[in-house]
Amino acid sequence: MSLTARITAELSARLTGTADFGAPTSAPRFAQQITLTDGTGAGQADRVWSDRRTLAASASEDLDLAGALTDVFGATVTLARVKALYVAASAANTNDVVIGAAAANAWSALLGASGTVTVRPGGLLLVVAPDATAYPVTGDTGDLLRVANGGSGSSVTYDICVIGASA
């Protein structure tokens, strides 16, 4: 198998106002594209796992980044480094999707052992580290990515994609 990935992020805005001598405008635009080729070094990745998942009200799950996930071909995905993490919460969710802070063996390279990121309904989280170090995964002791439903009363649905390197 061979992997190539293109990760694109773009943000643009336009703010206009009124002033004494014309209408001032601010139009910031930021765009970045990162391409990963097949391999395990800088600018490379050789593993990908993605899924659409639903968590019941108040539920959470720990995704094992080092040996428990299977890819679309049925192969076990074992990551040594995470190069990209994408999490998008469904706009139909009532509750937030909370990422991070597994109770044990937390994947702490991104948020520390107890840090979390809240992804609001319709929102997304995208983190990319194309360098050789990226975000390390330590099998059996630092490999669980917790995803939690941030509330009670209703389920949440989210899309997730993890791209990484096996070494």
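Residues numbered from 1 in each chain as written. Predicted model: local features only at pLDDT ≥ 70, side-chain atom pairs only at ≥ 80, totals over all residues. Heavy atoms only, no water.

**Q** Would you mind going over unusual backbone geometry in detail, with residue names and values included?
**A** For Ala-134, which is not glycine, the phi torsion reads 50° and is therefore positive. Relative to the helices and strands, Ala-134 is located in the loop between strand E13 (124-128) and strand E14 (135-136). A relative accessible area of 11% places Ala-134 in the buried class. One non-glycine residue, Asp-140, adopts positive backbone phi at about 75°. For Asp-140, the location among the structural elements is in the loop between E14 and strand E15 (144-149). (Helix = DSSP H or I, 4+ residues; strand = E, 2+ residues; numbered from the N terminus. Buried < 20%, exposed > 50% of the residue type's maximum accessible area, 1.4 Å probe, protein only.)

**Q** An account of a nonpolar patch on the surface is requested, with residue identities and associated values reported.
**A** Residues Met-1, Val-72 and Phe-73 make up a contiguous nonpolar surface patch of about 460 Å² in total accessible area. Position of Val-72 relative to the elements: it lies in the loop between strand E8 (66-70) and strand E9 (76-78). Its relative accessible area of 75% is what places Val-72 among the exposed residues. (Patch = residues over 30% accessible without salt bridge, like charges linked within 9 Å, V, L, I, M, F, W, Y side chains within 5 Å. Areas by Shrake-Rupley, 256 points an atom, 1.4 Å probe, with all protein chains shown as cover. Salt bridge = Lys/Arg side-chain N within 4 Å of Asp/Glu carboxyl O.)

**Q** Before we move on, can you summarise the side chain of Asn-149 with the specific residues and values?
**A** Position of Asn-149 among the secondary structure elements: in strand E15. Engagement of the side chain of Asn-149 in a polar contact is seen with the side chain of Asn-95, the distance being 3.0 Å. Apart from residues lying up to four places away in sequence, Asn-149 is in contact with Leu-55, Ala-56, Ala-57, Ser-58, Ala-59, Asn-95, Asp-96, Ser-154, Ser-155 and Val-156. (Polar contact = N/O pair within 3.5 Å; in protein donor to acceptor, adjacent residues only side chain to side chain. Contact = heavy atoms within 4.5 Å.)

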